[in-house]
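Okay, here's what each chain looks like letter by letter:
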Amino acid sequence: MRTPVYAIIRRADGRFVISDASTGNVLDDAQGYGYTAKHKAEKAAWYTFKGGKGKQDAAKKAATLFWRTHKDFAKAANDCLETWCKEIATGEVSVDEDVTALAEEMGVEGFEPKFLDCLP
């Protein structure tokens, strides 16, 4: 089992910092303020030290590439979202299911509902 690279430590003032597990040196202290909650420090550590930023960047890059190659589907998806805007807001319509059905209807392969977050 791998040893953790970082540890979440509570400071004397009650705030949390991210420190090196082996040396105890502070790696991140929220620009000197410290994190107000342990889960916020853990989220920052995931984003910074466990590849969270890389995963998000890779997902955004894949979505951008998909939309560039399927411009006609992007326009159709935008039209669908604009048409059903009120129903989507009230929860009457499932966006993921409708756009996935539209993708199948148009013969688009490789569509994932998470790509809608980067829809141009």
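Everything below is about the structure printed above this text.
Residues numbered from 1 in each chain as written. Predicted model: local features only at pLDDT ≥ 70, side-chain atom pairs only at ≥ 80, totals over all residues. Heavy atoms only, no water.

With respect to the overall build of the protein chain
Item 1. Within the protein chain, the regular secondary structure consists of five helices and three strands.
Item 2. If you list the helices and strands of the protein chain from N to C, you get β-β-β-α-α-α-α-α.
Item 3. For the protein chain, the spread of C-alpha atoms along the principal axes amounts to about 60 × 30 × 25 Å.
Item 4. Counting all 120 residues of the protein chain, 27% fall into the buried class.
Item 5. Considering only intrachain contacts with a sequence separation of at least 6, the fraction spanning at least 24 residues in the protein chain is 36%.
Item 6. Here the protein chain displays about 8600 Å² of accessible surface, and carbon together with sulfur accounts for 53% of that area.
Item 7. Treating the 17 positive side-chain charges of the protein chain as one cloud and the 19 negative ones as another, the clouds have centres 11 Å apart. (Helix = DSSP H or I, 4+ residues; strand = E, 2+ residues; numbered from the N terminus. Buried < 20%, exposed > 50% of the residue type's maximum accessible area, 1.4 Å probe, protein only. Contact = heavy atoms within 4.5 Å. Areas by Shrake-Rupley, 256 points an atom, 1.4 Å probe, with all protein chains shown as cover. Lys, Arg positive; Asp, Glu negative; His and termini not counted. Charge placed at Lys NZ, Arg CZ, Asp CG, Glu CD.)

Quick look at the packing of aromatic side chains
Item 1. As enumerated under the stated definition, the model contains eight aromatic pairs in all.
Item 2. Measuring from centroid to centroid gives 6.2 Å for F66 and F73, while their planes differ by 85°, and the two rings are edge-to-face. Neither residue differs from the other here; F66 and F73 are each classed as buried.
Item 3. With a centroid separation of 5.1 Å and an interplanar angle of 35°, the aromatic rings of F66 and F115 are classed as tilted. Of this pair, F66 sits in helix 2 (residues 52-69) while F115 sits in the segment after helix 5 (95-106), and the two are 49 residues apart along the sequence. Taken individually, F66 and F115 each receive the classification buried, so the pair is uniform in this respect. (Phe/Tyr/Trp six-rings, centres within 6.5 Å; stacked < 30°, edge-to-face > 60°.)

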